[in-house]
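Tertiary structure, described
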Amino acid sequence: MQINDSLSQPSIVPFQQTAGAAPVPASGGGVEGVPSDVDGYTPSAELVRLISLAGQEPEIREDKVAAVLQRLQSGAYLSAESVAQTADAMINSLD
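Residues numbered from 1 in each chain as written. Predicted model: local features only at pLDDT ≥ 70, side-chain atom pairs only at ≥ 80, totals over all residues. Heavy atoms only, no water.

The helix and strand inventory of the protein chain stands at three helices and zero strands. Accessible surface, the protein chain as shown: approximately 8,500 Å² in total, 58% of it carbon and sulfur. (Helix = DSSP H or I, 4+ residues; strand = E, 2+ residues; numbered from the N terminus. Areas by Shrake-Rupley, 256 points an atom, 1.4 Å probe, with all protein chains shown as cover.)

So this is what it looks like as structure tokens:
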């Protein structure tokens, strides 16, 4: 088994102004959820849009919770196929 310690030494990319993006005003008027303490950082319009979309989603997706609860109650996860899929997903997540 090989262990790579790439997380302890992150690479740092030099700052580059996004083409077409306006600079952050000196008054600190940034975008909610985007750090404003970085000098000269301006989020792209796409990032601002995605942050806005993410903020509109609920913290807990009740429809997903209900679907999983139904599968748990029906015993869908107790099959040999489900066990094999879970094991495969766990092993593949290590790659």
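Right, let's get into a nonpolar patch on the surface. A cluster of nonpolar side chains, contributed by Val68, Leu72 and Tyr77, occupies part of the molecular surface with about 250 Å² of accessible area. Residue position: tyrosine 77 is located in the loop between α2 (62–74) and α3 (80–92). For tyrosine 77, a relative accessible area of 35% puts it in the partly exposed group. (Patch = residues over 30% accessible without salt bridge, like charges linked within 9 Å, V, L, I, M, F, W, Y side chains within 5 Å. Salt bridge = Lys/Arg side-chain N within 4 Å of Asp/Glu carboxyl O. Buried < 20%, exposed > 50% of the residue type's maximum accessible area, 1.4 Å probe, protein only.)

This next bit is on the pattern of salt bridges. Under the counting rule described, the total for this entry stands at two salt bridges. Between arginine 61 and aspartate 63 there is a salt bridge, with the nearest N and O atoms lying 3.8 Å from each other. Judged by relative accessible area, which is 42%, arginine 61 ranks as partly exposed. Given the relative accessible area of 49%, aspartate 63 is considered partly exposed.

With that out of the way, let us pick up the side chain of serine 82. One can find serine 82 in helix α3. When neighbours within four sequence positions are excluded, serine 82 is seen to be in contact with Ala76 and Tyr77. (Contact = heavy atoms within 4.5 Å.)

A word on α2. Over its 13 residues, α2 extends 18 Å from the first C-alpha to the last, a length consistent with the 18 Å expected when each residue adds 1.5 Å. Glycine 75 sits one or two positions beyond α2 and adopts a positive phi of about 85°. (Expected span 1.5 Å × (residues − 1).)

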